[in-house]
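The lines below spell out each chain.
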Amino acid sequence: MVGGIVAGLAAGATAGYYLGQATVPKIEKPSLSGEIPLGVIYASPMEPPWLEPAIRIAIDEVNEYCRILGRDLRFTFLAENAEESATKALERAQSLMARGIQAILAPCWSSLCKAILPTANERKVVLVSPGSTSPALAIPDDYLFRTPPDDSKSAIAVGRYSLEVGLKYIIPVYGKEPFGEGLYNECTRNWTARGIKVEEGLGVDPEKKEYGGEMATVRDKVVKAFQTYKKEEIGLFLLATDAVLIPLLTAMREYPELQQIHVFDSDNAGIPTILQYAGEISARIRFRAYRYAPPSSPKYLGFVEKYKALAGFEPYSWAVCAYDAIWLMALAILTADEYSGPKIKEALPKVAENYFGASGWCALNEAGDRRYPTYEIAEVVLEEGAPKWKPTGFYDAITDTIKWY
Amino acid sequence: MILLQIFLTALIYSFILSLLAMGFTLQYITLNVPNLAYSSIAFFCTYLPLTFLILKLSPYMSLPFAFLLGGAISFLLFKFLKLLKEKGMSLVGLMMATIVFDLIIYACMNIYAEYLSRNLQIYAASFSLTAYDFELLGLPGIMFVSAGACFSLIMLFTLLLMKTRFGIAMRAAVENYNLASTQGVNVDRVLSVAWFFVGGIAGVSGALYPLWFSMDPWVGARMFVTIFAACVVGGIRSIYGSILGGVLIAFSEIFVCFFLSFSFTWIWSYRAVISMIAAVISIIGMPQGIAGYISKIRERGLIKA
Amino acid sequence: MLFCIYAIITLSLNLQHGYTGIFNLGLYLPILVGAIITASVPGRLAMLIYGIDSELDFSYNNPTVIDILRSKLANDPLMSIILLLITMLITIIVCYVLGYLTAHPALRLPADYLALFMLCLSESMRVIGMQTTWLTGGVFGIQVINPFWWLGRYSYQGLSIFVVSTTLCICFIVSKICASPLGRLLKAIRENELVAESVGKDTNGIKKQIISLAFIILGLAGVLHAFWMGAVIAGGYTRVDFSYWPWLMMIVGGAGNNIGVLFGALILVLIRRVMIVSKHVFFFLPFSVVWLEPILLAIMLGTTLMFRPEGILPERPRSIMNYMKKILKSQQQ
């Protein structure tokens, strides 16, 4: 039987080698002529429809740029899907790395980036994520770069917002998922530093999908808070992805007390699903949210036009970040003049320092994450009977101020 | 007042869970095979009310179609399992066979959700139709519809089992497959119809689900353990027991967490564990479930009498 | 590497079901326990040994701690190996006890109840692992040490060799057990438990031991998986990946035959790899090729169940003639 497993390993290795040979164009050696494939790992099977158009636009533009430069280069991309699984994310990443890929557009989820990162560091392959924001991955001198700002920046924005609207007491409700819990930890630190009283956060199971009971507990806390604070001084912060946010909002319909206080969310401003599935309650409570938003530069507007022509709808911020991530990787490869992970890693921060993309100035901090974010604050209102997102303010991280429209 | 709202939340949850548990139990006692594809069949039908909504129709109009769709898939699964059973497949093999359907249904659900996202810009990877429910007497319509569906299906099934020849034949087939066939019962047809009916129940409960809960293609896999817990606590060989189990699990999940949350706010994130712990305790301490335990006590009472 | 891990899991499953007839759907309980131990023990132990700043928490300051430990362990091969061995030893002890405690009530149940009981326990453990931040980083997951950092840029190769060696050792041990009188007894229990009991065998006790042994093997698979990933994310240990897939591998390969189950594991891991590598071939599909995997899996499982339920390499019945010849020969001597 031991012989069997040795034979199996040998057979598997041989078969894998030849199958790999037969089906995929082989990368002979690091070279800057011919075709250079970038890797792409989607976090979820639902991502390609809104991420792929941005990637394609970037790839086409980069190839056009190379043509203008007279370089015999053509960038392409090889896409994999992690199917929301850390094990599969690692498998897919290893598959890409085994094919000689040195730069990968990493998944938008922090948990999947975390699964891939140790291997990327070992094999010296650059990862650039257009969506991961967990502060736990803000590690200096590793092979992960991130074009969106991490949650510690979002927390500063949330803290500033809370002060500006006059909140004195906050009840956080967060999804027990990397995004929600990470942001909760950062926001709690920031609120406390700004002198705002914070109730113990209520973590909800993101797999449960119905939060009537949880909202009853929150209602209980709100009613107690009414004895000490005015309604406009109490804030209910919902820190979760839209999949958890929607059932939280719909559960609020049963509790009138929760509809009298300030309800705010993180990073979900502009998401159409909230209007589709929780539009009425969101408009009723004047639900506000913010999102990482690029400044309205001609570059951004030009990208939006191209994206809409290809996809048929407006791009979400991750799509804009993905577009810039592809450009950064391509420019780093051209600058390094070598398709090699360590060289790309060295060149990328310098390239980013001087790159103004669709998402704005892409300068990175020492952890390889976006240094200066800008956020847009929006509110759900009813316009002609239909719920819509209406921008109400703009947060600038450099000055830590909000400009209200 | 607050307890009333919690009570209503638990009540709606219990109606839907009871329906799901009832269907699972019925499938189990007909073929003695736990159907691992059951929750997938149920939750595949959640896309029907969404489809009806896209067609600008009321989601409740999808209920009869959900019954038919769930029934059809269940019928196909029964035929497949019967074919394997005739080939002498063991219990393990039959359970594995239900996984075949589970995987295909899971893939189909995701393909459909992807189609809606790509082509119609309807984000179907995670959706909730609570906003499209009607209100009656200040209460959500789902409460009345789920209660009505639950009670009417139980009544219908009870009448079917007790008052019709088909029902008697079905009870005979479930009790003793071989003996029933020697008595002239067309066991194959009886069980086919039973599975169709059960699949229909699953379809209806699945179609009601997104009107209270939020839905995504992975809910079926997650809910399977909760459905199983409801069946086990109530009594996996008793249909009425599984209904009782659904009520108990739903209420314990919500009320235990609610009262504990006064001291331990973090308890809500462990809500899912409550049903699993209840199942584990029931399996160890009372494998026949509450209904089985009650039957035992009644038998003892009769014997003493 | 993935083949090695699945090989260990399917061998353990074959020991439970193929040889003993125990129907266990909750394979990922001990795998997850092994992963949790890997996430919790060696890192924290290393922090204690090296006297790293006690204000740093292994879970909450995980990246910083891992960075510090990397620099320490890269120059300390002895400590790295000691930590690895301690992790495996603790996993063996914990999984043995867990297996025994789980088997004790579970074996009184009918087969399908036992399967679903194990499934419930496994799901509970998964949810607890996901929600408990201090244990495994909760939903964030946690990075773990690599016990081969001291090999420098060959650390990944060193880890691979270790995984392969461990797999070979486990294969050797399992094959010896199966070829021994215990293996024959397990088959006897599988075929007819009453008969085995009637000849004085404590079938329940033996089943408990087998489940405990299987838990140890699965726990070690969890340890290897965690080291290979470099991180533990409790939510990633799902029943599809760590229960249904191994069952499929065993059924396709041939239950009751260790070579068969290894072959089944090899085929399925290869098929998955081929699908990853050659997905562009399926460009004509009107849907994302990601969904082809469960459909192909289902077709393969269904076809195997219908036409070859005993598997590609089914169990070879022991030749009575050979056995009788052996007995006669020994008597003549």
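Residues numbered from 1 in each chain as written. Chains lettered and ligands numbered in written order. Predicted model: local features only at pLDDT ≥ 70, side-chain atom pairs only at ≥ 80, totals over all residues.

## Here we look at the overall build of chain C
Within chain C, the secondary structure is distributed over 14 helices and 2 strands. A compact globule built from 333 residues would reach a C-alpha radius of gyration of about 20 Å, and chain C, at 22 Å, matches this within 12%. Here the C-alpha coordinates of chain C stretch approximately 70 × 55 × 40 Å along the principal axes. (Helix = DSSP H or I, 4+ residues; strand = E, 2+ residues; numbered from the N terminus. Rg over C-alpha atoms; globule rule 2.2 N^0.38 Å.)

## Description of the overall build of chain B
Along the backbone of chain B there are 13 helices and 4 strands. A compact globule built from 305 residues should have a C-alpha radius of gyration of about 19 Å, and chain B, at 20 Å, falls within 12% of that. Seen through its C-alpha atoms, chain B measures out along the principal axes to roughly 55 × 50 × 35 Å. For chain B, long-range pairs separated by at least 24 residues make up 73% of all intrachain contacts whose partners lie at least 6 apart in sequence. (Contact = placed C-beta atoms within 7 Å.)

## Observations concerning the interface of chain C and chain A
Contact residues are listed per partner, giving 39 residues for chain C and 40 residues for chain A. Sorting the residues of the side of chain C that touches chain A by element identifies α1 (2–19), α3 (62–73), α7 (155–179) and α12 (258–277) of chain C as the ones contributing at least two each. In terms of residues, the side of chain C that touches chain A owes the most to one element, α12 of chain C, which gives 11 residues. Considered class by class, the residues forming the side of chain C that touches chain A number 24 nonpolar, 13 polar and 2 charged. (Nonpolar A, V, L, I, M, F, W, Y, C, P; charged D, E, K, R; others polar.)

## Examining the packing of helix α4 (residues 63–86) of chain B against helix α5 (residues 91–120) of chain B
Each packed pair of helices is defined by two parameters, the angle between the axes and the distance between the axes. Residues and elements named next belong to chain B. It is the contact of α4 with α5, at a shortest axis distance of 10 Å, that shows an interaxial angle of 150°. With respect to α5, the axis of α4 lies roughly antiparallel. The hand of the α4/α5 crossing is right-handed. Between α4 and α5, the contacting residues are Leu77, Phe80, Leu81, Leu84 and Lys85 on the first element and Gly93, Leu94, Ala97, Thr98 and Phe101 on the second. For the contact of α4 with α5, the class distribution of residues is 7 nonpolar, 2 polar and 1 charged. (Axes fitted to C-alpha atoms, helices over the stretch in contact; angles between N-to-C directions. Parallel < 35°, antiparallel > 145°, perpendicular 65-115°, else oblique. Left-handed = near helix turned anticlockwise from the far one by under 90°.)

## Looking at the nonpolar core
All names here are of chain A. Judged by nonpolar contacts, the single largest core of 367 residues is most densely connected at Leu127 and Ile326. The leading source of residues in this core is helix α11 (residues 317–336), at 17 residues. Taken domain by domain, this core gets at least three of its residues from each of domain 1 (32–149 + 296–361) and domain 2 (152–291 + 375–404). Excluding residues within four positions of it along the chain, Ile326 makes contact with Leu38, Ile55, Ala58, Ile59, Val62 and Leu105. (Core = buried A, V, L, I, M, F, W, Y, C linked by C-beta atoms within 7 Å. Buried ≥ 20, exposed ≤ 12 C-beta atoms within 10 Å, placed from the backbone. Domains from an automatic or database assignment.)

## Observations regarding the interface of chain B and chain A
With 34 residues of chain B at the interface, the matching set in chain A holds 36 residues. Where the side of chain B that touches chain A is concerned, the elements lending two or more residues are α1 (2–31), α5, β1 (127–128), β4 (214–215), α10 (219–234), α11 (239–260) and α12 (271–285) of chain B. In terms of residue count, α1 of chain B provides more of the side of chain B that touches chain A than any other element does, 5 residues in total. Tallied by class, the residues present in the side of chain B that touches chain A amount to 17 nonpolar, 12 polar and 5 charged.

## Things to note about the sheet that holds strand β3 (residues 103–105) of chain A
Residues and elements named next belong to chain A. Strand order in this open sheet of 5 strands is β2-β1-β3-β4-β5, and the pairing throughout is parallel. Bordering the open sheet on either side are β2 (73–81) and β5 (144–146), each of which pairs with just one other strand. Strand-to-strand twist across the sheet, computed as the mean angle between neighbouring axes with direction ignored, equals 25°. Pairing analysis gives 2 bridges linking strand β1 (residues 34–42) to β3, with the strands arranged parallel. Bridge pairing in β3 places Val40 opposite Leu105. (Pairing = 2+ DSSP bridges.)

## Re the pairing of strand β11 (residues 288–292) of chain A
With respect to burial, β11 of chain A is a largely interior element, 4 of its 5 residues being buried. Read as a crossover between parallel neighbours, the route from strand β10 (residues 262–265) of chain A over helix α9 (residues 272–284) of chain A to β11 of chain A is right-handed. (Right-handed = clockwise from strand over helix to strand, strands pointing away.)

## Considerations on the environment of Gly245 of chain B
Residues and elements named next belong to chain B. Its place among the elements puts Gly245 in helix α11. Residue Gly245 is classed as buried on the basis of its 34 C-beta neighbours within 10 Å. Placed 11 residues apart in sequence, Gly245 and Gly234 show a C-alpha to C-alpha distance of 3.8 Å. Residues within four places of Gly245 in sequence aside, it is in contact with Ala21, Ala230, Cys231, Val233, Gly234, Gly235 and Gly289.

## Here's the deal with the confidence of the model for chain C
For chain C, the mean per-residue pLDDT works out to 85, and 96% of the residues sit at or above 70. Predicted complex, confidence summary: ipTM 0.82, pTM 0.83. (pLDDT = per-residue confidence, 0-100.)

## Some words on the confidence of the model for chain B
Across chain B, the average pLDDT comes to 86, with 98% of residues at or above 70. Model confidence for chain B, summarised as mean pLDDT per element, is weakest for helix α13 (residues 289–304) of chain B at 77 and strongest for helix α3 (residues 47–54) of chain B at 93.

## Focus: the environment of Met170 of chain B
All names here are of chain B. Of note, Met170 is situated in helix α7 (residues 165–175). Linking Met170 and Val185, residues 15 residues apart in sequence, is a C-alpha distance of 8.7 Å. Setting aside anything within four residues of it in sequence, one finds Met170 in contact with Leu161, Val190 and Ala194.

## With respect to helix α5 (residues 111–131) of chain C
The end-to-end C-alpha separation of α5 of chain C is 31 Å, in line with the 30 Å expected for 21 residues at 1.5 Å each. By the criterion of burial, α5 of chain C is predominantly enclosed, with 18 of the 21 residues buried. (Expected span 1.5 Å × (residues − 1).)

## Concerning unusual backbone geometry
Residues and elements named next belong to chain A. The residue Glu83 is not glycine, and still its phi comes out positive at about 50°. Turning to its location among the elements, Glu83 is positioned in the loop between β2 and α3 (86–98). One non-glycine residue, Lys124, lies in the positive phi region at around 55°. Turning to its location among the elements, Lys124 is positioned in the loop between α4 (110–123) and β4 (126–129). A tally of 16 C-beta atoms within 10 Å means that Lys124 is categorised as partly exposed.

## Details of the pairing of strand β9 (residues 234–239) of chain A
Residue and element names in this part refer to chain A. With 6 of 6 residues buried, β9 lies mostly within the body of the structure. Side-chain alternation along β9 places Ile234, Leu236 and Leu238 on one buried face and Gly235, Phe237 and Leu239 on a second face that is also buried. The sheet contact formed by β9 and β10 spans 4 bridges and is parallel. Note that in β10 the partner of Leu236 across the bridge is Val263. For the handedness criterion, the β-α-β arrangement of β9, helix α8 (residues 242–251) and β10 is classed as right-handed.

## Notes on the packing of α10 of chain B against α5 of chain C
Where α10 of chain B meets α5 of chain C, the axes come as close as 11 Å, and the angle between the chain directions of the two elements is 125°. It follows from the interaxial angle that α10 of chain B and α5 of chain C lie oblique. Crossing geometry of α10 of chain B relative to α5 of chain C is assigned as left-handed. Contacts between α10 of chain B and α5 of chain C involve Val225, Phe228 and Ala229 of chain B on the former and, on the latter, Leu116, Leu119, Cys120 and Glu123 of chain C. Class assignment for the residues of the contact of α10 of chain B with α5 of chain C results in 6 nonpolar, no polar and 1 charged.

## What about the environment of Leu32 of chain C?
Residues and elements named next belong to chain C. Assignment of secondary structure puts Leu32 in helix α2 (residues 28–50). Leu32 sits in the buried class, given 27 other C-beta atoms within 10 Å. When the C-alpha atoms of Leu32 and Leu45 are compared, they prove to be 20 Å apart, with 13 residues separating the residues in sequence. Ignoring any residue separated from it by four or fewer positions in sequence, one finds Leu32 in contact with Met125, Arg126, Gly129, Gly222, Ala234 and Tyr237.

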